[in-house]
Amino acid sequence: MKNSRLFEILYLLVEKRAVTAGELAERLEVSERTIYRDIDSLSAAGIPVFTQKGQGGGIRLMEQFVLDRALLSQEEQDEILFALQATQTTGGTEEDTLARLSALFRRESGGWLEVDFTDWGSGAAERENFTLVKRSVLARRPLSFTYYSSAGEKSRRTVEPARLVFKGGSWYLSAFCRMRQDWRIFRLVRMEDLTLEEGSCPPRCPPQPLDAPPPGGDQGVRLRLRFAPSAAWRVRDYFHPNQITPQPDGCLLVNCAFPEDRWLLSFLLSFGSQMEVLSPVYWREILTGEIKKHLAVYETGQTLSGFREYSNLSGGGKGPAQNQD
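Residues numbered from 1 in each chain as written. Predicted model: local features only at pLDDT ≥ 70, side-chain atom pairs only at ≥ 80, totals over all residues. Heavy atoms only, no water.

(A) Structural detail: the environment of Ala25. Take Ala25: it is sitting in helix α2 (residues 21-28). Residues Ala25 and Ile9, 16 residues apart in the sequence, show an inter-C-alpha distance of 9.9 Å. The residues contacting Ala25, other than those within four sequence positions of it, are Val30, Ser31, Glu32 and Ile35. (Helix = DSSP H or I, 4+ residues; strand = E, 2+ residues; numbered from the N terminus. Contact = heavy atoms within 4.5 Å.)

(B) Spotlight on the packing of aromatic side chains. Inspection of the entire model under this criterion finds 13 aromatic pairs. Ring plane angle 75° and centroid distance 5.1 Å describe the contact between Tyr238 and Phe267, whose orientation is recorded as edge-to-face. One end of the pair, Tyr238, is in helix α7 (residues 232-238); the other, Phe267, is in helix α8 (residues 262-269), with 29 residues separating them in the sequence. The buried category is assigned to Phe267, whose relative accessible area is 9%. (Phe/Tyr/Trp six-rings, centres within 6.5 Å; stacked < 30°, edge-to-face > 60°. Buried < 20%, exposed > 50% of the residue type's maximum accessible area, 1.4 Å probe, protein only.)

(C) The pairing of strand β9 (residues 221-227), seen in detail. Across the two faces of β9 the burial differs, with Val221, Leu223, Leu225 and Phe227 buried and Arg222, Arg224 and Arg226 not buried at all. Pairing between β9 and strand β11 (residues 252-258): seven bridges, direction antiparallel. Each residue of the ladder has a partner; that of Val221, found in β11, is Phe258. In this sheet, strand β12 (residues 275-279) lies alongside β9 in antiparallel orientation, the contact comprising four bridges. Bridge assignment links Phe227 to a residue of β12, and that residue is Met275. (Pairing = 2+ DSSP bridges.)

(D) Just the sheet that holds strand β3 (residues 58-61), in detail. Taking strand neighbours across the sheet as the criterion, the three strands line up as β1-β3-β2 in an open arrangement whose pairing is antiparallel. Taken across any chain shown, the strands that pair with only one partner, and hence form the sheet edges, are β1 (18-19) and β2 (49-52). Bridge analysis of β2 against β3 gives four bridges, and the strand direction is antiparallel. Considered in β3, the bridge of Val49 is made with Leu61. Contacts from helix α3 (residues 32-44) reach β2 and β3 within the one sheet, and its direction differs from that of β2 by about 135°. (Axes fitted to C-alpha atoms, helices over the stretch in contact; angles between N-to-C directions.)

(E) Structural view of the packing of α8 against helix α9 (residues 281-299). At a minimum axis separation of 11 Å, α8 and α9 run at an interaxial angle of 70°. As summarised for this structure, α8 and α9 are arranged roughly perpendicular, according to the angle between their axes. When the axes of α8 and α9 are compared, the crossing they make is right-handed. Packed against α8, whose contacting residues are Arg262, Leu264, Leu265, Leu268 and Leu269, the element α9 presents Trp283, Ile286, Leu287, Glu290, Ile291 and His294 at the interface. In the contact of α8 with α9, the residues fall into eight nonpolar, one polar and two charged. (Parallel < 35°, antiparallel > 145°, perpendicular 65-115°, else oblique. Left-handed = near helix turned anticlockwise from the far one by under 90°. Nonpolar A, V, L, I, M, F, W, Y, C, P; charged D, E, K, R; others polar.)

(F) The nonpolar core, seen in detail. Grouped together as the largest cluster of nonpolar side chains are 22 residues, with contacts concentrated most on Leu223, Leu225, Phe227, Phe239, Leu268 and Trp283. Broken down by secondary-structure element, the contributors of at least two residues to this core are β9, β11, α8, β12 and α9. Counting 18 residues, the second-largest nonpolar core is a separate cluster that includes Leu12, Leu24, Leu42 and Ile59. (Core = buried A, V, L, I, M, F, W, Y, C linked by side-chain atoms within 4.5 Å.)

(G) Looking closely at the pattern of salt bridges. A complete count under the given rule lists seven salt bridges for this structure. With a closest N to O distance of 3.0 Å, Glu160 and Arg178 form a salt bridge. A residue pair is termed long-range when its members are at least 10 positions apart, and Glu160 in strand β5 (residues 154-167) and Arg178 in the loop between β6 (170-177) and β7 (182-187) qualify at 18 residues. Judged by its relative accessible area of 4%, Glu160 falls in the buried class. Taking the shortest distance from any N to any O, the salt bridge between Glu276 and Arg284 comes out at 2.9 Å. With a relative accessible area of 28%, Glu276 lands in the partly exposed category. Overlapping salt bridges bring together Glu160, Arg178 and Arg204 as one network. (Salt bridge = Lys/Arg side-chain N within 4 Å of Asp/Glu carboxyl O.)

Okay, structure coming up:
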């Protein structure tokens with residue numbers, strides 16, 4: 001507790017340059033006597049702090065103390081603050097950390113960057129879940145939660161978290177699932193009622209990268225797609241330039257590879273009539289069948305529950321990751 005208070009005093013002095021013992025005592029909810037003892041401790045530790053009496057006086061830091069920040073160039077200081085500002089929006093760092101380093105570097109800490117990885121319509125609960133998952137990863141503590149699979153099945157899981165990954169517009173947790181006794185990928189938006197458990201996670205071999213092929217050598221599917229000129233803005237947002245070949249008529253040919261699952265089907269259908277699958281042939285058949293089902297809903301009134309999934313899709317709703325529950 002005392003060490004935390006000493007750091008708080010130090011950062012306040014760096015930010016304000018001068019502050020009275022009364023102001024510090026009120027801020028830190030201790031007596032002025034305790035503040036003066038803390039100042040003695042800082043001085044004994046080599047911090048150039050001193051008191052100045054009279055009007056405009058107070059507790060001060062010697063001006064040369066800020067020279068320690070010269071260990072980093074201005075560009076390096078900006079890079080550090082940029083990274084902190086970005087990770088703060090995801091709960092990856094505390095606001096006080098950013099404010100204190102900004103004071104040390106003599107920079108403004110807020111207003112120049114906003115990064116939001118959450119989905120539209122998400123609220124405070126999703127951000128709280130992210131913070132709790134982050135804590136479990138950093139502290140290597142087991143995490144329990146209720147999880148909904150892509151098929152809507154509900155189960156209670158206890159996992160040993162390894163890493164958080166942002167991929168394909170969503171956050172995923174890579175963790176060892178004690179129920180499955182294997183590494184699994186969990187999408188954060190499907191997790192609720194999170195509880196940080198006591199104890200620590202045992203050491204394990206690290207999991208595969210999120211986009212690693214599953215056992216058996218399945219590398220997904222390589223697609224050749226043709227997009228209408230009107231879809232060019234989306235194509236250039238989603239695909240790397242070396243995957244895109246412009247055509248004389250304004251269309252765009254795209255060669256790409258994806259995990260073969262229901263997520264890919266939804267992604268391709270989102271382009272509507274602006275996209276055509278050229279190969280492989282069986283994916284043309286999959287999309288043709290799916291489009292016919294859409295028409296049947298509107299033309300014949302056939303219920304959605306009457307449709308079956310395509311057996312060709314091996315992923316079973318895994319999204320952009322393998323071994324996802």
